[in-house]
Amino acid sequence: MNEQLQEHFDATIARDQRIEPRDWMPEGYRKTLIRQVAQHAHSEIIGMQPEGDWITRAPSLRRKAILFAKVQDEAGHGMYLYSAAETLGAERADLTRRLIDGSQKYSSIFNYPTPSFADVGVIGWFVDGAAICNQVPLCRSSYGPYARAMVRICKEESFHQRQGYELLLTMMRGTERQRAAVQDAVDRWWWPSLMMFGPPDDASPNSARSMAWKIKRHSNDELRQRFVDMTVPQAEKLDVTLPDPGLTWNDERGHYDFGTPDWSELQRVISGDGPCNTERVARRRKAHEDGAWVREAATAHAAKQHTSARKGTAS
Amino acid sequence: MNDRNEWPLFEVFVRSKRGLNHVHVGSLHAPDLRMALINARDLYTRRNEGVSIWVVPTSAIGASTPDEKDPFFSPSADKVYRHPTFYDIPSDVPHI
């Protein structure tokens, strides 16, 4: 029986068709997906914090409204993804608990601080740009609910990248100090952004399996290269310097060559020792705990309505 | 943390414009139908994606297994005569 199910599953994947929630799937597929989708959801939720810090200090009403909409989108993206994870049998409360107790991870990039408003622009340009590189192929991921969530997310994400780049263009037309702030933010975010794609392929043990299952469609290194190729001309247009002396066009490969990120830094940040890890998780925990009374009150209200409605029909 | 009373799950369906069907877009947790509707509006229609929303408790949905080999759908598989192409009509017969 099990063999037949496995064969059917393999054939569905081979035909490039989607696996849906009630289909039989191997336990490893389910576990890998829950881990990846949950990690993705947590990243959206924690990702509200670095930029959220600037909502109250945005320099104009226009920028404030944009930033608000963007941070709201991140919350929405987190919700779409949690909802996809739940179709695999994960429970929302349990996912939140795992984020707060550190047993599930989120993207390393959100553990870096945002000391300047230029960081908001560079996050839109680099971090959302990198996210788009990652996410566009995930719209064809083999698991239906995940792929559909990614379609929605990608549609919304392109505004995120564009608002960032536009913000930077505006600052570059400003004062010497504003231009210096942009360059400084570029210098701080470039390498961590390259690390967002994960460790190099030869050090990414689960990648091959995820690709065989078509959960992932491209390797970490392929996506990283795509991001670099896409970003270099944008940097030239913006008139900033990407902080990598090894960055040169390679005619033979038809791609830009670039330096090697400091993988030990990625390892450190992932394992909890980045500049803001403690702060990010503590803030998420506090928001969750501070909201407990609202959740309880709403549940109590719903229960009361339910009881009085039942009494109403009985009499 | 009290996670004992987790809010129930609702499935969300959105009609994107008049004349079209409601389409399933995802799910969310809410304490009751009213809050589910309000949360669905905030979550799934931030950019004018809808003119109407349905929310349905997930537990109230009955579902077939989506597996095409399921014998559930087999009664319709061998009835080609339900399709117009089953019937041979001379090509010079107009309007049919």
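Okay, so let's go over this structure. Computed from a prediction, not measured in an experiment: that's the story for all the values here.

1. Notes on helix α11 (residues 263-273) of chain A
All names here are of chain A.
So, step 1. For α11, the full list of buried residues reads Glu265, Leu266 and Val269. For α11, the angular spread of buried residues about the axis comes to 100°, placing them on one side. Among the exposed residues of α11, those oriented more than 90 degrees off its buried face are Ser271 and Asp273.
So, step 2. Buried residues along α11 sit in contact with α8 (176-195) and α12 (277-290).

2. Some details on the interface of chain B and chain A
When the parts come together, some accessible area is lost, and that loss is often what is quoted as the size of the interface.
So, step 1. Facing 25 residues of chain B, the contacting portion of chain A comprises 28 residues.
So, step 2. For the chain B and chain A pair, buried surface summed over both sides reaches about 2,200 Å², with 52% attributable to carbon and sulfur atoms.
So, step 3. Taken together, chain B and chain A are joined by 4 salt bridges.
So, step 4. Of the charged contacts, one joins Arg46 of chain B and Asp73 of chain A as a salt bridge, the two residues approaching to 2.9 Å between their closest N and O atoms.
So, step 5. Remark: the boundary between chain B and chain A carries 13 residue pairs in polar contact (both at pLDDT 80 or more).
So, step 6. Here the residues of the side of chain B that touches chain A sort into 9 nonpolar, 7 polar and 9 charged.

3. Considering the environment of Leu242 of chain A
Residues and elements named next belong to chain A.
So, step 1. Assignment of secondary structure puts Leu242 in the loop between α10 (220-238) and β1 (248-250).
So, step 2. Judged by its relative accessible area of 8%, Leu242 falls in the buried class.
So, step 3. For the pair Leu242 and Gln183, spaced 59 residues apart in sequence, the C-alpha to C-alpha distance is 8.5 Å.

4. Structural notes on the packing of aromatic side chains
All names here are of chain A.
So, step 1. Applying the stated rule across the entire model yields 16 aromatic pairs over all chains.
So, step 2. An angle of 75° between the planes, with centres 5.0 Å apart, marks the rings of Phe9 and Tyr29 as edge-to-face. One end of the pair, Phe9, is in helix α1 (residues 2-14); the other, Tyr29, is in helix α2 (residues 27-46), with 20 residues separating them in the sequence. The pair formed by Phe9 and Tyr29 is uniform in burial state, with each residue classed as buried.
So, step 3. The ring of Trp54 has Arg57 lying over it, and the distance from NZ or CZ to the ring centre is 3.9 Å.
So, step 4. Lying over the aromatic face of Tyr80, Arg152 brings its terminal NZ or CZ to 5.2 Å of the ring centre.

Rules used throughout
- Starting afresh in each chain, residues are numbered from 1 along the sequence in its written order.
- Labels follow written order: the first chain is A, the first ligand is 1, and so on.
- Reporting in this predicted model follows two pLDDT cut-offs: at least 70 for local features of residues, and 80 or more for side-chain atom pairs to be given and counted; totals over whole chains, interfaces and linings ignore these cut-offs and use all residues.
- Heavy atoms throughout the structure, all of them, feed into the side-chain values; hydrogens and water do not.
- Buried residues are those whose accessible area, probed at 1.4 Å on protein chains only, stays under 20% of the maximum for their type, while exposed residues exceed 50% and partly exposed ones sit between those limits.
- Think of it this way: any DSSP run of H or I at least four residues long counts as a helix, any run of E at least two long counts as a strand, and we number them from the N terminus.
- The directions considered for the arc are those from the helix axis to the C-beta atoms.
- Here, residues are in contact when the closest pair of their heavy atoms is within 4.5 Å.
- Buried area, as used here, totals the accessible surface that two parts lose on assembly, with accessibility defined by a 1.4 Å probe and the loss added over both.
- A pair is scored as a salt bridge if a Lys or Arg side-chain nitrogen falls within 4 Å of a carboxyl oxygen belonging to Asp or Glu.
- Here a polar contact is taken to be a pair of N or O atoms separated by no more than 3.5 Å, where protein atoms must pair a possible hydrogen donor with a possible acceptor and residues adjacent in sequence count only if both atoms sit in side chains.
- Residues are grouped as follows: nonpolar covers Ala, Val, Leu, Ile, Met, Phe, Trp, Tyr, Cys and Pro; charged covers Asp, Glu, Lys and Arg; every other residue, Gly included, is treated as polar.
- Side-chain rings of Phe, Tyr and Trp (the six-membered ring for Trp) are treated as a pair once their centres are within 6.5 Å; stacked means planes under 30 degrees apart, edge-to-face means over 60, and tilted covers the remaining angles.
- By the criterion adopted, a ring carries a charge over it if an Arg CZ or a Lys NZ lies within 6 Å of its centre and within 35 degrees of its normal.

Keep in mind these numbers describe shape, not what the thing actually does.
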